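So you can see what is in the structure, the chains are spelled out below.
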Amino acid sequence: MLTIGIDSSTQGTKAVVYDVDAAKVVASAAVNYGRDLPEFGSPDGFLPNADTRVRRANPEMWVRGLELVLSRLRDSGAPMGEIAAIGGDAQQHATVCLDADGNFSRRESPIWMDSSTTAEVAVLDARFGKSLASRTGSPAIERFVAAQMMKFAREEPEAYARTARVHLLSSFLTSVLAGEDAPVDIGDGAGMNLLNLQTLEWDEEICAFVANGLIGKLPRVHLPGVTPLRLAERFAEYGLRPGIPVAPFTGDNPASLVGCGAEKPGTAVVSLGTSDTFFAAMNEFRTDPDGYGHVFGNPVGGFMSLACFKNGSLARDCVRRECGVDWKFFDETAFSLTEAGNGGRRAFPYFETEITPKHEATGIEANFDWASAPAETKIRAIVEGQMSNIRERTRWIGDFDTICVTGGASRSKGILSVIADVFGAKVKTLDATDSAAIGGARLAALQIA
Ligand code: XUL
């Protein structure tokens, strides 16, 4: 059986055709927003803003990304007519607001990198305190939908009033494919501070506090299982058969959990992408005592833990460019020229303000003379700095013998060796770096009984 998994990520959209029985990707296509859709003025997937806490994108770009990736897949000769079901995922926390006619009621959608809602987080904290985490799986978080909607309703009351539906990007893209209003899955839905994870329903009290009428604007919640969603007629244009099942899209991290085959507890996943994330399936509901980590739904049932680090691949790329070296040097040579531990030299690249732990200033912070150090010392220092930070902030999730590393940077032998050292664990990688898209394709297969 062949299925398609679509990954709508921060910097672009990817699609894979997945042979479910052989567990293999047989075709793929990609779109990069900066290069392929320059008309949206978002070289890194978001609109440049003088205030670095504000990170927004034009939601139309995500629809164009979806359409373009499907045409590229069709034009590459992929067997579109044989696809049995479609699934996928999206960057988490991005919202898409629609009016009653299905038009965008907010021209710019905040994405997961937005941290401009500190004031709203304080209001949520003051009202709900620790109970927000015990109800929704996370304390009040800047990028989550509750804080973002509170801000939207306050700053743009007319646009908020015109909004009939507040979708996550994942449920919005599912709606586009199905041509009807689609539900939010519990993996991505848990990243909103609005879903009560004890009842798996929207928390009425929290929703009412966040913004007037919010609960009526939220999509229904999809519990793991089969949905009646079917591919809309207009996708025949891409060679697909209208009417095939569409699995509700989930968040990129929950999708990666499934794509890595880690949906049952035991293996932790480190995903190295625009953000670096650490996550693992868990049977019981347990929250981070330090308040940085999250509990999300596991799209196949149960829960998953997650910690998200904003300074991932973009930060590594900035350092690489500053050092004037190519990826081969960054990924391998730098690590053969230096020793584990780097003689105590540590650095952290704050390309963006950091969220885990919170850090407002940007720039490199090093405990040695950064400017005069050789490239290999700098590179090991920031990779060890990033991976040690991930280790420290995820101790609450537990210890793991095996860590599955995925995402673009999992190609780097140097980064893999640092992860093995820092976590004292065996490291495995997937053949493909597209674990999120594969997860979407595997979730699609579950729609076929
Ligand atoms: C997770 C998070 C990021 C995005 C990246 O909470 O914000 O990992 O999902 O796309």
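Residues numbered from 1 in each chain as written. Predicted model: local features only at pLDDT ≥ 70, side-chain atom pairs only at ≥ 80, totals over all residues. Heavy atoms only, no water.

1. Focus: the overall build of the protein chain
A count of helical and extended segments in the protein chain gives 16 helices and 23 strands. Here the protein chain has a C-alpha radius of gyration of 21 Å; the compact-globule value for 449 residues is 22 Å, and the two agree. Overall size of the protein chain, expressed as C-alpha extent along the three principal axes, is 60 × 55 × 45 Å. Restricting the contact set of the protein chain to residue pairs at least 6 apart, pairs at least 24 apart contribute 71%. Looking at the protein chain as shown, the accessible area adds up to about 16,500 Å², and 49% of this sits on carbon and sulfur atoms. Of the charged side chains in the protein chain, 44 are positive and 57 negative; the average position of the first set lies 1 Å away from that of the second. (Helix = DSSP H or I, 4+ residues; strand = E, 2+ residues; numbered from the N terminus. Rg over C-alpha atoms; globule rule 2.2 N^0.38 Å. Contact = heavy atoms within 4.5 Å. Areas by Shrake-Rupley, 256 points an atom, 1.4 Å probe, with all protein chains shown as cover. Lys, Arg positive; Asp, Glu negative; His and termini not counted. Charge placed at Lys NZ, Arg CZ, Asp CG, Glu CD.)

2. Structural notes on the pairing of strand E5 (residues 83-90)
Burial within E5 is extensive, with eight of its eight residues counted as buried. Of the strand pairs in this sheet, strand E1 (residues 2-8) and E5 are connected by seven bridges, and their pairing is parallel. Along E5, the bridge assignment pairs Ile-4 with Ile-86. Pairing between E5 and strand E13 (residues 250-251): two bridges, direction parallel. Within the sheet, the bridge partner assigned to Asp-89 lies in E13 and is Thr-250. (Buried < 20%, exposed > 50% of the residue type's maximum accessible area, 1.4 Å probe, protein only. Pairing = 2+ DSSP bridges.)

3. Some details on the packing of helix H14 (residues 375-393) against helix H15 (residues 413-423)
Helix packing for two helices is described by the angle between their axes and how far apart those axes are. For the pair H14 and H15, the least separation of the axes is 10 Å and the interaxial angle reads 40°. The orientation of H14 relative to H15 falls into the category oblique. Every pair of crossing elements has a handedness; the one defined by H14 and H15 is right-handed. Residues Arg-380, Val-383, Glu-384, Met-387, Ser-388, Ile-390 and Arg-391 of H14 form the contact with H15, whose participating residues are Ile-415, Val-418, Ile-419, Val-422 and Phe-423. Tallied by class, the residues present in the contact of H14 with H15 amount to eight nonpolar, one polar and three charged. (Axes fitted to C-alpha atoms, helices over the stretch in contact; angles between N-to-C directions. Parallel < 35°, antiparallel > 145°, perpendicular 65-115°, else oblique. Left-handed = near helix turned anticlockwise from the far one by under 90°. Nonpolar A, V, L, I, M, F, W, Y, C, P; charged D, E, K, R; others polar.)

4. Examining helix H11 (residues 252-259)
Counted residue by residue, H11 has eight buried out of eight residues, so it is predominantly covered. By the burial criterion, the buried members of H11 are Asp-252, Asn-253, Pro-254, Ala-255, Ser-256, Leu-257, Val-258 and Gly-259. Where H11 ends, the next residue or the one after it, Gly-261, has phi of about 70°, a positive value.

5. Observations concerning the nonpolar core
Leu-177, Leu-194, Val-210 and Leu-240 are the most contacted members of the largest nonpolar core, which has 97 residues in total. If near-sequence neighbours (up to four positions away) are discounted, Leu-240 is found in contact with Ile-4, Leu-70, Met-80, Ile-83, Ile-86, Leu-231 and Phe-235. (Core = buried A, V, L, I, M, F, W, Y, C linked by side-chain atoms within 4.5 Å.)

6. Comments concerning the packing of aromatic side chains
Inspection of every chain in the model, using the stated rule, returns 11 aromatic pairs. Note on Phe-285 and Phe-303: the rings are 5.5 Å apart at their centroids and 75° apart in plane angle, and the pair reads as edge-to-face. Of the two residues, Phe-285 is situated in the loop between strand E15 (276-282) and strand E16 (294-297) and Phe-303 in strand E17 (residues 303-309); the sequence distance between them amounts to 18 residues. Overall, the relative accessible area of 23% leaves Phe-285 in the partly exposed class. Aromatic pair Phe-348 and Tyr-350: ring centres 4.6 Å apart, planes at 35°, arrangement tilted. For the pair Phe-348 and Tyr-350, a shared accessibility class is recorded, and that class is buried. In this structure, Arg-127 packs its charged tip against the face of Phe-128, placed 4.4 Å from the ring centre. The side chain of Lys-217 reaches across the aromatic face of Tyr-160, ending 4.5 Å from its centre. (Phe/Tyr/Trp six-rings, centres within 6.5 Å; stacked < 30°, edge-to-face > 60°. Lys NZ or Arg CZ within 6 Å of the ring centre and 35° of its normal.)

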